[in-house]
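Here is what each chain is made of, one letter per residue.
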Amino acid sequence: MKIQLIDLKRQYGTISEEADKAIVDVLHSAQYIMGENVKSFEAEFANYVGVNHAISCGNGTDALVIALRALGIGEGDEVITTPFTFFATAESISFVGATPVFVDVELDSYNIDPEKIEAAINEKTKAIMPVHIFGQCAKMDRIMEIAKKHNLYVIEDVAQAAGASYKGKMAGSFGDINTFSFFPTKNLGCAGDGGMIVTDDENLATVLKALRAHGSGEVGQRAYNYLNDIEEEIVADEGADNTVYNPLKYYNYLIGHNSRLDELQAALLRVKLPKLDGWNKRRAEISKMYIDALVDTDLVTPVTTEGSNHIYHLFILQSEKRDELIKFLSDAGIATGVYYPVPMHLQKVYKGLGYSIGDLPNAEYLSERTFAIPLFAELTDEEIRYIISKLLEF
Ligand SMILES: *Cc1c(COP(=O)(O)O)cnc(C)c1O
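Regarding the nonpolar core
And step 1. Judged by nonpolar contacts, the single largest core of 44 residues is most densely connected at Phe41, Phe45, Ile80, Ile117, Phe180, Phe182 and Leu188.
And step 2. Those elements that place two or more of their residues in this core are α2 (36-49), α5 (140-150), β9 (195-199) and α8 (263-272).
And step 3. Of the residues forming this core, the biggest block, six residues, is contributed by α2.
And step 4. In terms of nonpolar packing, the next biggest core, distinct from the first, is built from 28 residues, Ile55, Ala67, Ile93 and Val96 among them.

Structure below.
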């Protein structure tokens, strides 16, 4: 039997009729940028997460960069984040000219340890960027408390946790600005790159919208006026047909980005969003089967934090014999992946930050032991039983 880590073809098979129609409709509409699908998907996504504003963009990395820029974070600033994440989290902080400060993770949840955050705060600290790693929320109640006490922004990196919640609140509804990725393998993925930035703050939403597309037009002017404390009435030209030519586009107010979600991706995401909770539920069911079956082995299975609705972006195991086990599974046709082999503070690119081995022992410990086994909603019971049998055999 051959089982991939995630089989995107199978998910497409379950939605192909609806998805194909949505895509073809966009092609026929010849409205490819910022059309009805983008507008509707933003509203539907904001409603799903329970926030006032959702601003789509090109990918989850841009979402982080634009979020940081909208909060005015840059040169000379520090942002506290986790070392046990995908590189984009730390990269976005460095990209805007700020310095990532890594705080060690909890050994059980794999998320940033809130109790270690305060020791890393100084006068340069501007924000905390928790990541809900592998689909489980960081302890957001404690993190928000600390941020409030020290007057810091919070940016949740929700790339791996669309649909997760913590103590009854959705992932992405805690921080000042929070970001999502629709990379194909995420729990809510599109057919290419895509991202979303959410916030409850109307002024921040204006700045985010402006930064997404060249800081131009009416929204660019509104953002400029907000950032420069200018009071001015801006009258929108409601009658203008902006489909092909929008004269306002050529008036620029901020140095922005070209980072929009394509209309085609938005149309596909609108088909998929209503199915997300069902897919996440099935992932959790399969995860429970894995956990129950492995209870008497020395493999360490995922731990769910109290009050957390874990959506299992990846199913992570820990083994003292990781390399041997990966080889054994591979010989049996079962794919695995190592998430993540090198914690951020020990990455070559961050040599200049001055960390050494032993500085963040939990992240280092995990990076030597954790790995993912296949998990996606369309796995069959037979495949699950086969994977379990091979793990037990080892
Ligand atoms: C995937 C991911 C990102 C980046 O998203 P892209 O859409 O690939 O740019 C950022 N942070 C985390 C934790 C991720 O897993």
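Brief notes about helix α10 (residues 322-331)
And step 1. Buried residues of α10: Arg322, Leu325, Ile326 and Leu329, and no others. Buried residues of α10 fall within an arc of 100 degrees about the axis and therefore sit on the same side. In α10, the exposed positions angled more than 90 degrees off the buried face are occupied by Asp323, Glu324, Lys327 and Asp331.
And step 2. Those residues of α10 that are buried are in contact with α11 (361-367), β12 (370-373) and α12 (381-393).

Overview of the packing of helix α3 (residues 60-70) against helix α4 (residues 88-95)
And step 1. For the pair α3 and α4, the least separation of the axes is 9 Å and the interaxial angle reads 40 degrees. As judged from the angle between their axes, α3 and α4 are oblique. The element α3 and its partner α4 pack so that their crossing is right-handed. Mapping the contact onto sequence places Thr61, Leu64, Val65 and Leu68 in α3 and Ala88, Thr89, Glu91, Ser92, Ile93 and Phe95 in α4.
And step 2. Looking at side-chain class alone, the contact of α3 with α4 contains six nonpolar, three polar and one charged residues.

As for the packing of aromatic side chains
Working definition: an aromatic ring pair is given by the centre-to-centre distance plus the angle between the planes.
And step 1. Under the definition given, this model contains 19 aromatic pairs.
And step 2. Note on phenylalanine 41 and phenylalanine 45: the rings are 5.7 Å apart at their centroids and 50 degrees apart in plane angle, and the pair reads as tilted. In this pair, phenylalanine 41 and phenylalanine 45 are both assigned in helix α2, four residues apart and thus about one turn of the helix distant.
And step 3. Look at tyrosine 110 and phenylalanine 134: their rings are 5.8 Å apart centre to centre, the planes differ by 85 degrees, and that puts the pair in the edge-to-face class.

Remarks on the state of the cysteines
And step 1. According to the stated counting rule, one finds zero disulfides in the structure shown.
And step 2. No disulfide involves cysteine 57; its nearest neighbouring cysteine sulfur is the one of cysteine 190, lying 11 Å away.
And step 3. Note on cysteine 57: relative accessible area 0%, which makes it buried.
And step 4. Cysteine 57 provides the cysteine sulfur closest to cysteine 137, a residue in no disulfide bond, and the two sulfurs are 20 Å apart.

A short note on the domain arrangement of the chain
And step 1. Domain parsing of the chain yields domain 1 (8-103 + 110-273) and domain 2 (276-393).
And step 2. Relative placement of domain 1 and domain 2: their C-alpha centres are 27 Å apart.
And step 3. The interface is formed by 41 residues belonging to domain 1 together with 39 residues belonging to domain 2.
And step 4. Taken over both partners, the interface formed by domain 1 and domain 2 buries close to 3,300 Å², and the fraction arising from carbon and sulfur atoms is 59%.
And step 5. Counting across the interface, domain 1 meets domain 2 through one salt bridge.
And step 6. Here glutamate 383 and arginine 10 are joined by a salt bridge, their closest N and O atoms 2.6 Å apart.
And step 7. Connecting domain 1 to domain 2 are 22 residue pairs in polar contact (both at pLDDT 80 or more).

Scoring rules and cut-offs
Residues numbered from 1 in each chain as written. Predicted model: local features only at pLDDT ≥ 70, side-chain atom pairs only at ≥ 80, totals over all residues. Heavy atoms only, no water. Core = buried A, V, L, I, M, F, W, Y, C linked by side-chain atoms within 4.5 Å. Buried < 20%, exposed > 50% of the residue type's maximum accessible area, 1.4 Å probe, protein only. Helix = DSSP H or I, 4+ residues; strand = E, 2+ residues; numbered from the N terminus. Arc of directions from axis to C-beta. Contact = heavy atoms within 4.5 Å. Axes fitted to C-alpha atoms, helices over the stretch in contact; angles between N-to-C directions. Parallel < 35°, antiparallel > 145°, perpendicular 65-115°, else oblique. Left-handed = near helix turned anticlockwise from the far one by under 90°. Nonpolar A, V, L, I, M, F, W, Y, C, P; charged D, E, K, R; others polar. Phe/Tyr/Trp six-rings, centres within 6.5 Å; stacked < 30°, edge-to-face > 60°. Disulfide = S-S within 2.5 Å. Domains from an automatic or database assignment. Buried area = accessible area lost by both parts, 1.4 Å probe. Salt bridge = Lys/Arg side-chain N within 4 Å of Asp/Glu carboxyl O. Polar contact = N/O pair within 3.5 Å; in protein donor to acceptor, adjacent residues only side chain to side chain.

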